Amino acid sequence: TLQKETELILNRERELLQSLLDNTPDTIYFKDNLSRFTKINLAQAKCLGIESPEEANGKTDFDYAPAEQATLSFKDEVEIMETGKALINRVEKVKRADGNVTWVSTTKIPIKNQLGEISGLVGVSRDITESHNLEIKLQQETNLLNSLLESVPDSIFFKNKKSQFIRVSKSFLKKHNIDRKSTRLNS
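Report follows, based on the coordinates.

About the thresholds
- Residues numbered from 1 in each chain as written.
- Predicted model: local features only at pLDDT ≥ 70, side-chain atom pairs only at ≥ 80, totals over all residues.
- Heavy atoms only, no water.
- Pairing = 2+ DSSP bridges.
- Helix = DSSP H or I, 4+ residues; strand = E, 2+ residues; numbered from the N terminus.
- Axes fitted to C-alpha atoms, helices over the stretch in contact; angles between N-to-C directions.
- Phe/Tyr/Trp six-rings, centres within 6.5 Å; stacked < 30°, edge-to-face > 60°.
- Buried < 20%, exposed > 50% of the residue type's maximum accessible area, 1.4 Å probe, protein only.
- Lys NZ or Arg CZ within 6 Å of the ring centre and 35° of its normal.
- Salt bridge = Lys/Arg side-chain N within 4 Å of Asp/Glu carboxyl O.
- Expected span 1.5 Å × (residues − 1).
- Arc of directions from axis to C-beta.
- Contact = heavy atoms within 4.5 Å.

## Considerations on the sheet that holds strand β1 (residues 27-32)
- Within the open sheet, the five strands sit side by side as β2-β1-β5-β4-β3. Their pairing is antiparallel. The open sheet has two edge strands with one neighbour each: β2 (37-40) and β3 (87-95). The mean angle between the axes of side-by-side strands here comes to 25°, regardless of whether they run parallel or antiparallel.
- Summarising the sheet, strand β4 (residues 101-112) and strand β5 (residues 118-127) pair through nine bridges and their orientation is antiparallel. Residue pairing in the sheet places T107 in a bridge with V124 of β5.

Structure (structure tokens):
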């Protein structure tokens, strides 16, 4: 009875893990201490350009990614397995098997065996391409606005709902004889 109960619990745990692996859009991968894939999810298989997750077993990033990208990943994984220190939410540029370039937030965590020794790692990567591109566009727009406020001869200002100045142009400061360093304005 205890053995059957244990088997039921193990089967339920496998079902839960498989459900997670099959349904999350994030890539999930497990690697041994030589950075070889031991298990990956469907999303990772798609990124690698393979039909089945099982095709990746025993292979490394060098089998799928450009050498430079695979080398960086391998170096990170060696450090993780040597130090036991996880890599959390690192933003990385990734070239997919289909040639598309994406930006991901990657987390890699060491896995320890029953003796407490690091035997591999688990990694999760989330595609953040859209938000990364929006961040770049926002920075470009901010740079344009700053350039405008620094160079335009007209007095320009922005106020909040309380009618407090929040941004002003350089010419506005000059016209009103305000020292930029002495003001709290974010200009």
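## What about the pairing of strand β7 (residues 165-168)?
- The pairing of strand β6 (residues 157-159) with β7 spans three bridges and is classified as antiparallel. Of the residues in β7, the one forming a bridge with F157 is V168.
- Counting the residues that bridge the hairpin from β6 to β7 gives five residues, and of these S163 lies at a positive phi of roughly 65°.

## Details of the packing of aromatic side chains
- A complete count under the given rule lists six aromatic pairs for this structure.
- Aromatic side chains Y29 and F37 sit 6.3 Å apart centroid to centroid with 85° between the ring planes, which places their arrangement in the edge-to-face category.
- Taking relative accessible area as the criterion, Y29 reaches 6% and is therefore assigned buried.
- Among the aromatic residues, those joined into a cluster by ring pairs are Y29, F37 and Y64.
- We note K31 situated over the ring of F37; from NZ or CZ to the ring centre the distance is 4.7 Å.
- Taking NZ or CZ as reference, K159 lies 4.6 Å from the ring centre of F165, over its face.

## Digging into the pattern of salt bridges
- For the coordinates displayed, the defined rule picks out eight salt bridges.
- For D32, the salt bridge identified is with R36, shortest N-O distance 2.7 Å.
- Take D32: its relative accessible area is 14%, and that puts it in the buried class.
- Its relative accessible area of 34% is what places R36 among the partly exposed residues.

## As for the pairing of β5
- Relative to β5, β1 runs antiparallel, the two being bridged by six bridges. Considered in β5, the bridge of Y29 is made with G123.
- Linking two consecutive strands that pair antiparallel, namely β4 and β5, is a turn of five residues; a positive phi of about 85° is found at G116 within it.

## Topic: helix α3 (residues 67-83)
- An ideal rise of 1.5 Å per residue puts 24 Å on 17 residues; α3 measures up with 24 Å between its terminal C-alpha atoms.
- Among the residues making up α3, those that are buried are A70, S73, D76, E77, I80 and M81. Buried residues along α3 cover an arc of 130° about the axis, so they all sit on one side. When the buried face of α3 is taken as reference, the exposed residues oriented beyond 90 degrees from it are A67, E68, L72, K75, E82 and T83.
- Each element contacted by the buried residues of α3 is listed here: β1, β3, β4 and β5.
- The positive-phi residue at the C-terminal boundary of α3 is G84, with phi of around 80°.

## Section: unusual backbone geometry
- Of note, the phi angle at N89 is positive, near 50°, even though the residue is not glycine.
- Looking at the element boundaries, N89 is found in strand β3.
- Using a relative accessible area of 51% as the deciding quantity, one classes N89 as exposed.
- For N177, which is not glycine, the phi dihedral falls at a positive 50°.
- On the secondary structure map, N177 appears in the segment after α5 (170-175).

On their own, these measurements won't tell you what the molecule is for.
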